[in-house]
Amino acid sequence: MFERRSLKWPITLGVTMIVTLVVLIVGWILLAVFGAMRESQNAVAYWTVLSIGSALFLLVLVGVIFYLVLTIKAFNLNRRQSNFVDSVTHELKSPIASLKLCLQTLGRHNVSVQERETFFQYMLDDVERLDNLITHLLAAGNIDARILQADAEMVDLPELITEITTSALQRHHLPEECIRLQLAPCRVLANRIDLDMIVRNLVENAIKYGGTPLRSEVSLSLDKNIHLRIDDNGEGIPRGQRNRVFGRFVRLGSELERTQKGTGLGLYIVRTLVDRLGGQVSATESPLNGARFEIRFPISLMGE
């Protein structure tokens, strides 16, 4: 169904251009016939045919350019979808293979208590990785159908950010000093799950793409808006790609060359949920020489 919708307009445009080209050729033939009338009393007919032919020619030219743009967009979409499929396939196979190896080892060999605990921790990490992947896929698939205010509640934003940051550091076995928090008191009226997904995706990105050793800062401040900033010390995002990274399935670089895991859905989910809250999200250069993601929520979200 997706492919039919994608090809409908290019095919229709192509047929239209062919028909227009045929009309154009006939028009120029008629123009040649009436060419001898330039000095006669029928000069008006000549200029009329010339005008029609020129207009049709310009129409075909514009159509060809538009068709080329659609073709390029379709090609880019197919490439992103191919990267997405490769990424999801890898994301599914890797933890499953790890789980299988751990279970086979536990089943066939006598291991010490400490080794058994280590294997259990590996398996828990793999299960959590699969759970995060499925959560992202389900969120991306259902995000357009959700109603923002259905479960709105008062959320202590600094408390939520602290919980998410602590959990992420523990999951990645990183010390607390890797992420510095500067959080002003703030309570907002919003869907807690939406806020959780926004912050969690950005914090996970900071950890994933940060430098070694990781240095990241999460700040929350208030003025005319609610400002949330997440900085890291990674390689950053090229200036020309800073809007593109919020697209669906978009991941920078080639899927065969990158080393970081992901599906290209995290920032798309962030942008969609921020838009629903009436806010704005942007990517810029960080003072830490990496990437900065800044979110501006309207001050009207604040509760008493």
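Here, the structure is the one placed above.
Colleague: How would you sum up the environment of Leu70? Please name residues and give values.
Modeller: Within the secondary structure, Leu70 is located in helix H2 (residues 43–108). A relative accessible area of 21% means that Leu70 is categorised as partly exposed. Put simply, Leu70 and Trp9 are 61 residues apart on the chain and 8.6 Å apart in space, counted from C-alpha to C-alpha.

Colleague: Now, about the packing of aromatic side chains: what can you tell me, with residues and values included?
Modeller: Enumeration according to the criterion identifies one aromatic pair in this entry. Residues Phe246 and Phe293 carry aromatic rings whose centres are separated by 6.1 Å and whose planes lie at 90° to one another, so their mutual orientation is edge-to-face. Note that Phe246 is positioned in the loop between strand E5 (225–232) and helix H6 (266–276) and Phe293 in strand E7 (residues 291–298), a separation of 47 residues in sequence. Residue class for Phe246 comes out buried when judged on its relative accessible area of 4%. Residue Phe293 is classed as buried on the basis of its relative accessible area, which comes to 5%.

Colleague: Which residues make up the pairing of E7, and what values do they have?
Modeller: Among the eight residues in E7, seven count as buried, and that is most of the element. Bridge count for E5 against E7 is seven bridges, and the pairing is antiparallel. Residue pairing in the sheet places Ile226 in a bridge with Phe297 of E7. Where strand E6 (residues 280–285) meets E7, six bridges bridge the pair, whose relative direction is antiparallel. Along E7, the bridge assignment pairs Ser282 with Glu294.

Colleague: Please set out the pairing of E5 residue by residue, giving values where relevant.
Modeller: Of all eight residues that make up E5, seven are buried, and the element is covered over most of its length. As paired elements, strand E4 (residues 216–222) and E5 share seven bridges and run antiparallel to each other. Looking across to E5, one finds that Ser221 is bridged to His227. Between E4 and the antiparallel strand that follows it, E5, lie two residues.

Colleague: How would you explain the environment of Ser216 if you had to name every residue and give the values?
Modeller: Tracing the sequence through the fold places Ser216 in strand E4. Ser216 sits in the buried class, given a relative accessible area of 5%. In this structure the C-alpha to C-alpha distance between Ser216 and Asp232, which are 16 residues apart in sequence, comes to 4.3 Å. Those residues in contact with Ser216 that lie beyond four places of it in its chain are Cys178, Ile179, Arg180, Ala206, Ile230, Asp231, Asp232 and Leu288.

Calculation notes
Residue numbers restart at each chain and count upward from 1, following the sequence in its written direction. Local features are withheld for residues below a pLDDT of 70 in this predicted model, meaning they are given only at 70 or higher, and side-chain atom pairs are given and counted only at 80 or more; totals for whole chains, interfaces and linings count all residues. For side-chain calculations, the full set of non-hydrogen atoms in the structure is used, while hydrogens and water are omitted. Strands here mean DSSP runs of E at least two residues long; helices mean DSSP runs of H or I at least four residues long; both are numbered from the N terminus. The rule is simple: take the accessible area with a 1.4 Å probe, protein chains only, and divide by the maximum for that residue type; under 20% is buried, over 50% is exposed, in between is partly exposed. Put simply, two rings from Phe, Tyr or Trp (the six-membered ring, in Trp's case) pair if the centres are within 6.5 Å, and we call them stacked under 30 degrees between planes, edge-to-face over 60, tilted for the rest. Here, a strand pair is defined by DSSP locating no fewer than two bridges between the strands. By definition in these notes, contact holds between two residues if any of their heavy atoms fall within 4.5 Å.

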